Amino acid sequence: MEEPHRRIRAVHTASTVTLYQAYSPHIGQPAAQEGRFPPAWKRDRMTWIKPSFLWMMYRCGWGAKVGQETVLAVEVTRDGFEWALRHACLSSYVRGVHPDRATWQRQVKRAPARVQWDPERDLRLRPLAYRSLQLGLCGEAVRRYADEWTVGISDVTPLAHEVHALVSGGDLGAAARLLPQERPYPAADELLANLRP
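Residues numbered from 1 in each chain as written. Predicted model: local features only at pLDDT ≥ 70, side-chain atom pairs only at ≥ 80, totals over all residues. Heavy atoms only, no water.

A. Here's a closer look at the overall build of the chain. Counting its regular elements, the chain contains 8 helices and 9 strands. Relative to the 2.2 N^0.38 estimate, which gives 16 Å for 197 residues, the radius of gyration of the chain is 17 Å and therefore close to what a compact globule would have. The principal-axis extent of the C-alpha atoms belonging to the chain is close to 50 × 45 × 35 Å. Counting over 197 residues, the chain shows a buried share of 48%. When the accessible surface of the chain is totalled, it reaches about 10,000 Å², and 50% of it is carbon and sulfur. (Helix = DSSP H or I, 4+ residues; strand = E, 2+ residues; numbered from the N terminus. Rg over C-alpha atoms; globule rule 2.2 N^0.38 Å. Buried < 20%, exposed > 50% of the residue type's maximum accessible area, 1.4 Å probe, protein only. Areas by Shrake-Rupley, 256 points an atom, 1.4 Å probe, with all protein chains shown as cover.)

This is how it looks when you write it as C-alpha coordinates:
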(Lines give C-alpha, C1' and ligand atoms only; values in the text may rest on other atoms or scores of the structure.)
Protein backbone atom coordinates (compact mmCIF):
# COMPACT_ATOMS: atom_id res chain seq x y z
CA MET A 1 0.00 0.00 0.00
CA GLU A 2 1.37 3.41 -0.96
CA GLU A 3 2.16 5.80 1.86
CA PRO A 4 0.41 9.18 1.87
CA HIS A 5 2.73 12.16 1.45
CA ARG A 6 2.25 13.18 5.10
CA ARG A 7 1.30 10.88 7.94
CA ILE A 8 1.85 10.59 11.67
CA ARG A 9 3.34 7.16 12.32
CA ALA A 10 3.97 6.26 15.95
CA VAL A 11 4.02 3.58 18.58
CA HIS A 12 0.75 4.11 20.41
CA THR A 13 -1.64 2.39 22.78
CA ALA A 14 -5.24 3.23 23.64
CA SER A 15 -4.01 5.95 26.01
CA THR A 16 -0.38 6.83 25.13
CA VAL A 17 1.93 7.68 22.25
CA THR A 18 5.73 7.29 22.20
CA LEU A 19 7.91 10.19 21.06
CA TYR A 20 11.68 10.44 20.71
CA GLN A 21 14.25 13.02 21.77
CA ALA A 22 18.03 12.93 22.20
CA TYR A 23 20.03 14.75 24.84
CA SER A 24 23.45 14.89 26.39
CA PRO A 25 23.93 12.29 29.14
CA HIS A 26 23.61 14.89 31.94
CA ILE A 27 19.99 15.48 30.83
CA GLY A 28 19.07 12.15 29.27
CA GLN A 29 20.30 9.76 31.96
CA PRO A 30 18.54 11.42 34.92
CA ALA A 31 15.38 11.74 32.81
CA ALA A 32 15.37 7.99 32.11
CA GLN A 33 16.22 7.10 35.72
CA GLU A 34 13.57 9.35 37.28
CA GLY A 35 10.93 9.08 34.55
CA ARG A 36 10.74 12.86 34.35
CA PHE A 37 12.89 15.66 33.03
CA PRO A 38 15.52 16.92 35.51
CA PRO A 39 15.79 20.55 36.72
CA ALA A 40 18.58 21.17 34.18
CA TRP A 41 16.07 20.59 31.36
CA LYS A 42 15.02 24.00 30.04
CA ARG A 43 11.28 24.67 30.12
CA ASP A 44 11.62 28.12 28.59
CA ARG A 45 12.81 27.02 25.15
CA MET A 46 11.35 25.18 22.18
CA THR A 47 11.61 21.39 22.37
CA TRP A 48 11.07 19.15 19.34
CA ILE A 49 9.48 15.72 19.69
CA LYS A 50 9.45 13.05 17.00
CA PRO A 51 7.18 10.00 16.71
CA SER A 52 9.51 8.41 14.11
CA PHE A 53 12.37 6.35 15.53
CA LEU A 54 14.33 6.41 12.26
CA TRP A 55 13.91 10.15 11.84
CA MET A 56 15.32 10.53 15.37
CA MET A 57 18.24 8.27 14.38
CA TYR A 58 18.90 10.54 11.41
CA ARG A 59 18.77 13.62 13.63
CA CYS A 60 21.06 12.26 16.37
CA GLY A 61 23.33 10.10 14.20
CA TRP A 62 22.34 6.90 16.00
CA GLY A 63 23.14 8.61 19.32
CA ALA A 64 26.66 9.60 18.25
CA LYS A 65 26.26 13.35 17.75
CA VAL A 66 27.66 15.58 20.47
CA GLY A 67 24.90 16.63 22.86
CA GLN A 68 22.59 13.87 21.57
CA GLU A 69 24.28 10.76 22.95
CA THR A 70 21.29 9.64 25.04
CA VAL A 71 18.21 8.73 23.03
CA LEU A 72 14.96 8.82 24.97
CA ALA A 73 11.59 7.26 24.26
CA VAL A 74 9.09 9.53 25.99
CA GLU A 75 5.65 8.04 26.51
CA VAL A 76 2.98 10.74 26.75
CA THR A 77 -0.79 10.72 27.05
CA ARG A 78 -2.68 10.75 23.80
CA ASP A 79 -4.84 13.52 25.27
CA GLY A 80 -1.75 15.70 25.66
CA PHE A 81 -0.34 14.87 22.24
CA GLU A 82 -3.67 15.63 20.62
CA TRP A 83 -3.98 18.91 22.55
CA ALA A 84 -0.62 19.94 21.05
CA LEU A 85 -1.76 19.00 17.53
CA ARG A 86 -5.05 20.90 17.90
CA HIS A 87 -3.19 24.02 19.12
CA ALA A 88 -0.37 23.86 16.57
CA CYS A 89 0.47 26.02 13.60
CA LEU A 90 2.78 25.18 10.72
CA SER A 91 6.45 25.97 11.28
CA SER A 92 6.64 27.71 7.91
CA TYR A 93 4.33 29.80 5.74
CA VAL A 94 2.21 27.84 3.24
CA ARG A 95 0.15 29.60 0.62
CA GLY A 96 -3.43 28.33 0.77
CA VAL A 97 -3.25 27.50 4.47
CA HIS A 98 -2.55 31.05 5.61
CA PRO A 99 -4.21 34.10 4.04
CA ASP A 100 -0.83 35.86 4.02
CA ARG A 101 2.63 35.75 5.58
CA ALA A 102 1.76 38.31 8.28
CA THR A 103 -1.16 36.15 9.49
CA TRP A 104 1.12 33.12 9.70
CA GLN A 105 3.72 35.15 11.65
CA ARG A 106 1.06 36.15 14.20
CA GLN A 107 -0.04 32.51 14.52
CA VAL A 108 3.53 31.33 15.10
CA LYS A 109 4.02 33.86 17.89
CA ARG A 110 0.82 32.76 19.66
CA ALA A 111 0.77 29.00 19.07
CA PRO A 112 2.18 26.70 21.78
CA ALA A 113 3.09 24.04 19.18
CA ARG A 114 4.50 23.89 15.65
CA VAL A 115 4.08 21.18 13.05
CA GLN A 116 6.89 20.43 10.65
CA TRP A 117 6.90 17.66 8.03
CA ASP A 118 10.31 16.11 7.34
CA PRO A 119 11.24 13.26 4.98
CA GLU A 120 10.90 9.89 6.68
CA ARG A 121 14.11 7.82 6.65
CA ASP A 122 14.99 4.26 5.74
CA LEU A 123 17.39 2.06 7.71
CA ARG A 124 20.36 3.67 6.00
CA LEU A 125 18.87 7.06 6.99
CA ARG A 126 18.24 8.02 3.36
CA PRO A 127 15.20 10.26 2.77
CA LEU A 128 12.01 8.58 1.59
CA ALA A 129 9.34 10.09 -0.66
CA TYR A 130 6.90 10.62 2.20
CA ARG A 131 7.10 12.75 5.32
CA SER A 132 6.78 12.28 9.06
CA LEU A 133 5.81 14.65 11.82
CA GLN A 134 8.16 16.69 13.92
CA LEU A 135 6.32 18.65 16.62
CA GLY A 136 7.81 21.69 18.31
CA LEU A 137 6.55 22.66 21.75
CA CYS A 138 6.99 26.01 23.46
CA GLY A 139 5.49 27.98 26.34
CA GLU A 140 2.41 26.29 27.81
CA ALA A 141 2.93 23.14 25.73
CA VAL A 142 6.46 22.57 27.10
CA ARG A 143 5.22 22.84 30.68
CA ARG A 144 2.29 20.52 30.01
CA TYR A 145 4.59 18.05 28.24
CA ALA A 146 6.97 17.86 31.20
CA ASP A 147 4.49 18.10 34.07
CA GLU A 148 1.23 16.58 32.83
CA TRP A 149 1.55 14.52 29.66
CA THR A 150 4.72 12.49 30.27
CA VAL A 151 3.94 9.12 31.83
CA GLY A 152 7.30 7.43 31.29
CA ILE A 153 10.79 7.98 29.90
CA SER A 154 13.15 5.20 28.86
CA ASP A 155 16.69 5.18 27.49
CA VAL A 156 16.66 3.55 24.04
CA THR A 157 20.30 4.34 23.26
CA PRO A 158 21.27 0.63 23.44
CA LEU A 159 18.55 -0.13 20.88
CA ALA A 160 19.84 2.67 18.62
CA HIS A 161 23.37 1.25 18.81
CA GLU A 162 22.20 -2.33 18.20
CA VAL A 163 20.14 -1.38 15.14
CA HIS A 164 23.01 0.74 13.80
CA ALA A 165 25.48 -2.13 14.22
CA LEU A 166 23.20 -4.46 12.27
CA VAL A 167 22.72 -1.88 9.51
CA SER A 168 26.49 -1.29 9.35
CA GLY A 169 27.01 -5.04 9.11
CA GLY A 170 24.54 -5.30 6.24
CA ASP A 171 21.86 -7.27 8.13
CA LEU A 172 18.91 -5.02 7.30
CA GLY A 173 16.38 -7.76 7.99
CA ALA A 174 17.53 -8.21 11.59
CA ALA A 175 17.74 -4.43 12.01
CA ALA A 176 14.17 -3.98 10.74
CA ARG A 177 12.86 -6.61 13.18
CA LEU A 178 14.21 -4.56 16.10
CA LEU A 179 12.53 -1.31 15.08
CA PRO A 180 9.63 -0.01 17.17
CA GLN A 181 6.35 -0.97 15.49
CA GLU A 182 5.03 2.39 14.35
CA ARG A 183 1.48 2.51 12.98
CA PRO A 184 -0.62 5.32 11.49
CA TYR A 185 -1.94 7.50 14.29
CA PRO A 186 -5.76 7.45 14.42
CA ALA A 187 -7.70 10.65 13.76
CA ALA A 188 -4.55 12.51 12.69
CA ASP A 189 -6.27 13.89 9.61
CA GLU A 190 -9.01 15.45 11.71
CA LEU A 191 -6.55 16.78 14.27
CA LEU A 192 -4.47 18.46 11.57
CA ALA A 193 -7.32 19.54 9.28
CA ASN A 194 -6.72 23.25 9.92
CA LEU A 195 -3.10 22.90 8.72
CA ARG A 196 -3.94 21.80 5.18
CA PRO A 197 -4.80 23.90 2.12
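Still more ground to cover, so stick around.
B. Local environment of the nonpolar core. Counting 37 residues, the largest nonpolar core has Phe37, Phe81, Val115, Leu135, Leu137 and Tyr145 as its most contacted members. It is helix α5 (residues 140-149) that provides the largest number of residues to this core, a total of 5 residues. With residues near it in sequence (within four places) discarded, Phe37 still touches Gln21, Tyr23, Ala31, Leu72, Val74, Tyr145, Ala146, Thr150 and Ile153. Core analysis: the next-biggest nonpolar cluster, separate from the first, contains 18 residues, Phe53, Val71, Val163 and Leu179 among them. (Core = buried A, V, L, I, M, F, W, Y, C linked by side-chain atoms within 4.5 Å. Contact = heavy atoms within 4.5 Å.)

C. Representation of the packing of aromatic side chains. Tallied over the full model, the rule gives 8 aromatic pairs. Ring centres 5.6 Å apart and planes at 40 degrees place the aromatic pair Phe37 and Tyr145 in the tilted group. One end of the pair, Phe37, is in the loop between α1 (25-34) and β3 (47-49); the other, Tyr145, is in helix α5, and 108 residues separate them in sequence. Residue Phe37 shares its accessibility class with Tyr145, and that shared class is buried. The exposure class of Tyr145 is buried, given its relative accessible area of 0%. Through pairs of rings, three or more aromatic residues link up here, namely Tyr23, Phe37, Trp41 and Tyr145. Here the basic side chain of Arg121 rests over the ring of Tyr58, its NZ or CZ set 3.5 Å away from the ring centre. Lying over the aromatic face of Trp83, Arg144 brings its terminal NZ or CZ to 4.4 Å of the ring centre. (Phe/Tyr/Trp six-rings, centres within 6.5 Å; stacked < 30°, edge-to-face > 60°. Lys NZ or Arg CZ within 6 Å of the ring centre and 35° of its normal.)

D. Spotlight on the sheet that holds strand β4 (residues 70-77). On the basis of which strands lie adjacent, the open sheet formed by 3 strands has the order β2-β4-β8 and antiparallel pairing. Two strands in the sheet have a free side with no partner beyond their single neighbour: β2 (16-23) and β8 (150-155). Ignoring strand direction, the axes of neighbouring strands in this sheet form an average angle of 25 degrees. Bridge count between β4 and β8: 5 bridges; the pairing is antiparallel. Paired with Glu75 across the two strands is Gly152, which belongs to β8. (Pairing = 2+ DSSP bridges. Axes fitted to C-alpha atoms, helices over the stretch in contact; angles between N-to-C directions.)

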